[in-house]
Amino acid sequence: MGVTSGLVLYAVIWFMTFLIVIPIRIETQGDRGEIVPGTHAGAPEHHYLKQKAVITTIAAAVLWVIIATIILSGWITVNDFDWFDRLPDPQ
């Protein structure tokens, strides 16, 4: 795995993790009982975005190390996903 593919892998993992972390511990205007006229009750009041970005960065780094280790060690290769025998046999 090259540097560019490692960075792309990290970016994909980071954004997928971020989309999972975003809805956790969100306080809406409806939860607080302070709905601003003209807005939806489900609009976020406190989103804690900086904390979520830090948590996402740490979690993505851990996941990236695990996945990169699996890829670089050769435990799982492209040939493992060749279900229709289209690739030549590795030698």
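Below, the structure is looked at part by part. (Residues numbered from 1 in each chain as written. Predicted model: local features only at pLDDT ≥ 70, side-chain atom pairs only at ≥ 80, totals over all residues. Heavy atoms only, no water.)

1. Structural notes on a nonpolar patch on the surface
And step 1. Together, Met-1, Val-54, Ile-58, Val-62, Leu-63, Ile-66, Ile-67, Ile-71 and Leu-72 give the surface a local cluster of nonpolar side chains, amounting to about 780 Å² of exposed area.
And step 2. Relative to the helices and strands, Ile-58 is located in helix α3 (residues 49-73).
And step 3. Of the residues examined, Ile-58 reaches a relative accessible area of 54% and is grouped as exposed. (Patch = residues over 30% accessible without salt bridge, like charges linked within 9 Å, V, L, I, M, F, W, Y side chains within 5 Å. Areas by Shrake-Rupley, 256 points an atom, 1.4 Å probe, with all protein chains shown as cover. Salt bridge = Lys/Arg side-chain N within 4 Å of Asp/Glu carboxyl O. Helix = DSSP H or I, 4+ residues; strand = E, 2+ residues; numbered from the N terminus. Buried < 20%, exposed > 50% of the residue type's maximum accessible area, 1.4 Å probe, protein only.)

2. Some points on the pattern of salt bridges
And step 1. This model, assessed by the stated rule, comprises one salt bridge.
And step 2. Close ionic contact of Arg-32 with Glu-27 constitutes a salt bridge, the shortest N to O distance being 3.6 Å.
And step 3. According to the relative accessible area criterion, Glu-27 is partly exposed, its value standing at 28%.

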